Amino acid sequence: LDDEALGWFGRRLPWGSYGMLARASISAPTLQLAVSRWCRHHGLIADDITLTLTVQGETAEIAIAEHRDLGRLRAIPGVQSAVYLNQFPLSQSGSNSGFQVDPDATESAAQAAVYRADAGVVRTLGLQLVSGRDLREDEQTVLRWADPASHYPRVVLITRSLEAALFPGQSAVGQRIYAGGGTPPLEVVGVVDALVSPWGRVSWGGSPDHSVIAPQR
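Summary of the structure given here.

Reading the values: rules and limits
Residues numbered from 1 in each chain as written. Predicted model: local features only at pLDDT ≥ 70, side-chain atom pairs only at ≥ 80, totals over all residues. Heavy atoms only, no water. Core = buried A, V, L, I, M, F, W, Y, C linked by side-chain atoms within 4.5 Å. Buried < 20%, exposed > 50% of the residue type's maximum accessible area, 1.4 Å probe, protein only. Helix = DSSP H or I, 4+ residues; strand = E, 2+ residues; numbered from the N terminus. Contact = heavy atoms within 4.5 Å. Polar contact = N/O pair within 3.5 Å; in protein donor to acceptor, adjacent residues only side chain to side chain. Pairing = 2+ DSSP bridges. Axes fitted to C-alpha atoms, helices over the stretch in contact; angles between N-to-C directions. Left-handed = near helix turned anticlockwise from the far one by under 90°. Nonpolar A, V, L, I, M, F, W, Y, C, P; charged D, E, K, R; others polar. Patch = residues over 30% accessible without salt bridge, like charges linked within 9 Å, V, L, I, M, F, W, Y side chains within 5 Å. Areas by Shrake-Rupley, 256 points an atom, 1.4 Å probe, with all protein chains shown as cover. Salt bridge = Lys/Arg side-chain N within 4 Å of Asp/Glu carboxyl O. Arc of directions from axis to C-beta.

1. Concerning the nonpolar core
Most often, soluble globular proteins keep nonpolar side chains buried together rather than apart. Residues Phe99, Val156, Ile158 and Ile177 are the most contacted members of the largest nonpolar core, which totals 18 residues. For this core, the secondary structure elements donating two or more residues are β4 (110-116), β6 (155-159), α5 (160-166), β8 (186-192) and β9 (211-214). Leaving out residues up to four positions away in the same chain, Ile177 has contacts with Phe99, Gln100, Val101, Val156, Ile158, Leu166, Phe167, Pro185, Leu186 and Val188. Val121, Val155, Val189 and Val192 belong to the second largest nonpolar core, which has 16 residues in total.

2. A word on unusual backbone geometry
For Leu90, which is not glycine, the phi dihedral falls at a positive 65°. Examined against the element boundaries, Leu90 turns out to sit in the loop between α3 (70-74) and β3 (96-99).

3. Focus on the environment of Thr141
If you trace the backbone, Thr141 turns up in the loop between β5 (129-132) and β6. Sequence spacing of Thr141 and Ile64 is 77 residues, and the spatial spacing of their C-alpha atoms is 14 Å. Polar contacts involving the side chain of Thr141 include one to the side chain of Gln216, which spans 3.4 Å.

4. Comments concerning the pairing of β8
Within β8, 6 of the 7 residues are buried, leaving the element largely enclosed by the surrounding structure. As defined by bridge partners, β5 adjoins β8 across 3 bridges and the pair is classed as antiparallel. Looking across to β8, one finds that Ser131 is bridged to Val191. Bridging between β6 and β8 involves 5 bridges; their strand directions are parallel. Across the sheet, the residue bridging to Val156 is Val188, located in β8.

5. Some details on the packing of helix α1 (residues 17-25) against helix α2 (residues 31-45)
If you want to describe how two helices pack, look at the angle between their axes and the distance between the axes. Interaxial distance between α1 and α2 falls to 9 Å at its minimum, and their mutual angle equals 140°. The two elements α1 and α2 meet at a crossing, and its hand is right-handed. Residues Ser17, Tyr18, Met20, Leu21, Ala22, Ala24 and Ser25 of α1 touch α2, and the partners they reach there are Ala34, Arg37, Trp38, His41, His42 and Ile45. Within the contact of α1 with α2, the residues separate by chemical class into 8 nonpolar, 4 polar and 1 charged.

6. Observations concerning a nonpolar patch on the surface
A surface patch of nonpolar side chains, about 200 Å² in accessible area, is lined by Leu73, Ile76 and Val79. Locating Ile76 in the fold gives a position in the loop between α3 and β3.

7. Things to note about α1
What α1 keeps buried is the set Ser17, Leu21 and Ser25. The buried residues of α1 all sit within an arc of 75° when viewed along its axis, so they share a single face.

8. Overview of the pattern of salt bridges
Counted under the stated rule, the structure contains 4 salt bridges. Here Glu139 makes a salt bridge to Arg133, at a shortest N to O gap of 2.5 Å. A salt bridge links Arg136 to Asp138; the nearest nitrogen and oxygen atoms lie 3.1 Å apart. Here Arg136 falls in the partly exposed class, since its relative accessible area comes to 39%. Among the charged side chains, a network of salt bridges with common partners joins Arg133, Arg136, Asp138 and Glu139.

Written out as structure tokens, the structure reads:
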């Protein structure tokens, strides 16, 4: 409770650290300068990550470079596995998307939570792989919001409930699904028994156990 970063960084951040960053940035005459200040000043309170702002035309992007090696976590006695994960089951906060098997469909066939994770996520989360395989390190991509399509993953894992919704009576392994919006096809390489969404309930239609796991940070 004495760490505003909740243990993520190598040093504790006293409560009010981010308020200090906000006060240092809010006086900027433009939003671009304010965000640029925030990124630069964040390096003064924590060097575990570097925030970089880039602006191209009307598109702005903040890139996060992580300097905290998961290898250190994996080397701690008793740690069996560690991966990056963008959201957690039952956390009440996360991302989701609509998915379909027809690239030309105008409506999604099913909604699902979208987990972005490292290879080895099946073991780390204790998931049961019912068919196919886990993600591989050479399939990892880095999400860039300014141009997400060019850095889109090519493979995913899905839950058994989503498999039943998209491919009734069929195996999803080797099949392609689409997230819409002109994104590339995603090949399903594995199916896990269950992975509940961050909301743990049906908040946007479908099943709370509809989930997709992509090899992406």
